[in-house]
Amino acid sequence: MLKVLAACGNGMGSSLIIKMKIEKVLKDMGVDCEVHHASVGQAKSDARNFDLVLVSHMLVNEFANSGKAKIIGLINLLSEQEIKEKVEAALKS
């Protein structure tokens, strides 16, 4: 099962919305996953427990010590197309 974390810089509200978008995209892709959400502060310490972390492209550098997690920077956090394209690319690499 793929473990995914959605993180936002401003708090939990927007990360919850992003989480729901990610869940929809991964379900449509047929990926068995568990998606969580957190603020960037919390996500930085939790990232190593996840396979993927999706965050604003401007915050990617905050995750330098993320262990095995692949950090995916999104330009449009609500774009299902961008989420799909970048998750597919991360899963192939």
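Our subject in this report is the structure included herewith. Just so we're clear, the structure is a prediction, and the values are computed from it rather than from any experiment.

With that settled, consider the overall build of the chain. Per the secondary structure count, the chain includes 3 helices and 4 strands. For the chain, the N- to C-terminal ordering of α and β elements is β-α-β-α-β-β-α. Once the C-alpha set of the chain is aligned to its principal axes, its extents read approximately 30 × 25 × 20 Å. For the chain, the proportion of its 93 residues judged to be buried stands at 38%. The long-range fraction of contacts in the chain, counting pairs at least 24 apart against all pairs at least 6 apart in sequence, stands at 47%. When the accessible surface of the chain is summed, it comes to about 5,100 Å², and 52% of that surface belongs to carbon and sulfur atoms. Positive and negative side-chain charges of the chain, numbering 12 and 11 respectively, have mean locations separated by a distance of 2 Å.

The subject of this paragraph is a nonpolar patch on the surface. Together, L16, I17, M20 and L78 give the surface a local cluster of nonpolar side chains, amounting to about 360 Å² of exposed area. Relative to the helices and strands, L78 resides in the loop between β4 (70–74) and α3 (80–92).

What follows covers the sheet that holds strand β3 (residues 52–56). Across the sheet, 4 strands lie side by side as β2-β1-β3-β4; this open sheet has parallel pairing. The open sheet has two edge strands with one neighbour each: β2 (33–39) and β4. Within this sheet the neighbouring strands show an average axis-to-axis angle of 25 degrees, counted without direction. Examined bridge by bridge, strand β1 (residues 2–8) and β3 share 3 bridges and lie parallel to one another. Counted as the bridge partner of L5 is V53 from β3. Docked against the sheet, α3 engages β1, β3 and β4, running at close to 155 degrees with respect to β4.

Rules behind the numbers
Residues numbered from 1 in each chain as written. Predicted model: local features only at pLDDT ≥ 70, side-chain atom pairs only at ≥ 80, totals over all residues. Heavy atoms only, no water. Helix = DSSP H or I, 4+ residues; strand = E, 2+ residues; numbered from the N terminus. Buried < 20%, exposed > 50% of the residue type's maximum accessible area, 1.4 Å probe, protein only. Contact = heavy atoms within 4.5 Å. Areas by Shrake-Rupley, 256 points an atom, 1.4 Å probe, with all protein chains shown as cover. Lys, Arg positive; Asp, Glu negative; His and termini not counted. Charge placed at Lys NZ, Arg CZ, Asp CG, Glu CD. Patch = residues over 30% accessible without salt bridge, like charges linked within 9 Å, V, L, I, M, F, W, Y side chains within 5 Å. Salt bridge = Lys/Arg side-chain N within 4 Å of Asp/Glu carboxyl O. Pairing = 2+ DSSP bridges. Axes fitted to C-alpha atoms, helices over the stretch in contact; angles between N-to-C directions.

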